[in-house]
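What follows is each chain in one-letter form.
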Amino acid sequence: MRHLFCRWYRQAPHRSARCPEPLAAWVVRTGSLTTALRRRYGAGFGVRLIDEGWRIPYLDEARRLELRPGRKAWVREVALYGGERPVIRARSVIPMRSLRGGNRGLTRLGTRPLGELLFAGAGTLREPLEIARLRDEDWLTRRLAADAVSFGRSLWARRTVHRLNGRPLLVAEVFLPDLLEDWDG
Ligand SMILES: C=C(O[C@@H]1C=C(C(=O)O)C=C[C@H]1O)C(=O)O
């Protein structure tokens, strides 16, 4: 099956893309997801490293980072857990040039949340959020949440270009159905 590009929106999801309200609060959150998940799950929060290394980004990612297609970047994929269940799947793409200038720690994170670096000091800026309602055939769905598609519910994702010490990295997050299980708002 041909994998489609995600249709990213720049507007807030509840206006333009009809993201259901309880989820929209997570999707448009401007602070650290790590901090929010820790607040919600406490010691039940954890990061499971799925893959990390020099990879060729998808064309969608290369374009957003203005990278030459086919040029490798440092790619990190994780699942963020709330208790026993994954609630977020994340994929970060870090161009080679972004690993300079004090950013070398980005390749040595392991199970330390990326958000701890990105939201640590004043050294990070972020570009506007992009939101997507994922379709089963979108490459991001297939890559990060193929198992969640069987729930038959729409999956939502967001992506942001963060600038750590002025250097860009793309972070995409898919919000899994379990994030809203026993949601009390
Ligand atoms: C960007 C953040 O970091 C989170 C942790 C990530 C990781 O450890 O790879 C990736 C994306 C985020 O869900 C955040 O906390 O907002």
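Residues numbered from 1 in each chain as written. Predicted model: local features only at pLDDT ≥ 70, side-chain atom pairs only at ≥ 80, totals over all residues. Heavy atoms only, no water.

1. Brief notes about the site of the ligand
Short version of the rule: One heavy atom within 4 Å of a molecule or strand is enough for the residue carrying it to be called near that molecule or strand. Here a polar contact is recorded for every N or O atom pair within 3.5 Å, except that within protein the pair must consist of a potential hydrogen donor and a potential acceptor, and residues adjacent in sequence are included only if both atoms are side-chain atoms. We get accessible surface area from the Shrake-Rupley algorithm with a probe of 1.4 Å; when it comes to residues, only the shown protein chains can shield them. Definitions used for this entry: grid spacing 1 Å over protein atoms alone; cavity, a set of points where a 1.4 Å probe fits but cannot get out; pocket, an open set with protein on both sides within 12 Å along at least 5 of 7 lines; lining residue, one with an atom within 4 Å of a point. Put plainly, a molecule is in a cavity or pocket when over half of its atoms are within 2 Å of the grid points there. Strands here mean DSSP runs of E at least two residues long; helices mean DSSP runs of H or I at least four residues long; both are numbered from the N terminus. In the scheme used here, Gly and all other residues not listed as nonpolar or charged are polar, with Ala, Val, Leu, Ile, Met, Phe, Trp, Tyr, Cys and Pro taken as nonpolar and Asp, Glu, Lys and Arg as charged.
The environment of the ligand is made up of 15 residues, and the closest members are S32, L33, T34, R76 and L114. Within the side chain of R76, one N or O atom sits 2.7 Å away from an oxygen atom of the ligand. Protein contact buries 99% of the 390 Å² of open area that the ligand shows by itself. Because more than half of its atoms lie within 2 Å of the grid, the ligand is assigned to the largest cavity. Of all elements in the fold, only α3 (33-41), β2 (73-82), α5 (114-118) and β7 (167-175) reach the threshold of two or more residues within the shell around the ligand. By residue class, the composition of the shell around the ligand is nine nonpolar, three polar and three charged.

2. A word on the nonpolar core
Across soluble globular proteins, nonpolar side chains have a tendency to be buried as a group. For clarity, the threshold we go by: To form a nonpolar core, buried Ala, Val, Leu, Ile, Met, Phe, Trp, Tyr and Cys residues must be joined to one another through side-chain atoms within 4.5 Å. Buried, partly exposed and exposed residues are distinguished by accessible area as a fraction of the type maximum, computed with a 1.4 Å probe on protein chains only: under 20%, between the cut-offs, and over 50%, respectively. Whether two residues are in contact is decided by their heavy atoms, any of which lying within 4.5 Å being enough.
Formed by 21 residues in total, the largest nonpolar core has its most connected members in L37, I88, F175 and L179. Those elements giving two or more residues to this core turn out to be α2 (21-27), α3, β1 (45-55), β2 and β3 (85-95). If sequence neighbours within four positions are ignored, F175 has contacts with L23, W26, V27, L33, V87, I88, L155, W156, A157 and R158. Grouped together as the second largest cluster of nonpolar side chains are 14 residues, A148, L155, A157 and A172 included.

3. What about the confidence of the model for the chain?
This is how the line gets drawn: Per-residue confidence from the prediction method is given by pLDDT, with values spanning 0 to 100.
In the predicted model, the chain carries a mean pLDDT of 87, and the fraction of residues at 70 or more is 89%. This complex was scored by the predictor with a pTM of 0.91 and an ipTM of 0.95.

4. Some points on the pairing of β2
Selection rule: For two strands to pair, DSSP has to find at least two bridges joining them.
Burial within β2 is extensive, with ten of its ten residues counted as buried. Across the two faces of β2 the burial is the same, with A73, V75, E77, A79 and Y81 and W74, R76, V78, L80 and G82 all buried. Where β2 lies against β3, ten bridges are found, and the strand directions are antiparallel. Its bridge partner being in β3, A79 is matched across the sheet by R89.

5. Some details on the pattern of salt bridges
For clarity, the cut-off: What makes a salt bridge here is a side-chain nitrogen of Lys or Arg within 4 Å of a carboxyl oxygen of Asp or Glu, nothing more.
Following the criterion strictly, the structure yields 15 salt bridges and no others. R112 is the partner of E116 in a salt bridge, and the nearest nitrogen-oxygen pair spans 2.8 Å. Of the residues examined, E116 reaches a relative accessible area of 27% and is grouped as partly exposed. Using a relative accessible area of 40% as the deciding quantity, one classes R112 as partly exposed. Residue R159 is joined to E130 by a salt bridge in which the shortest nitrogen-to-oxygen separation is 2.8 Å. Here R159, found in strand β6 (residues 155-164), pairs with E130, found in strand β5 (residues 130-134); they are 29 residues apart in sequence, far enough to count as distant. Bridged by salt links that share partners, the residues D60, R64, E127, E130, R159 and R163 form one connected network.

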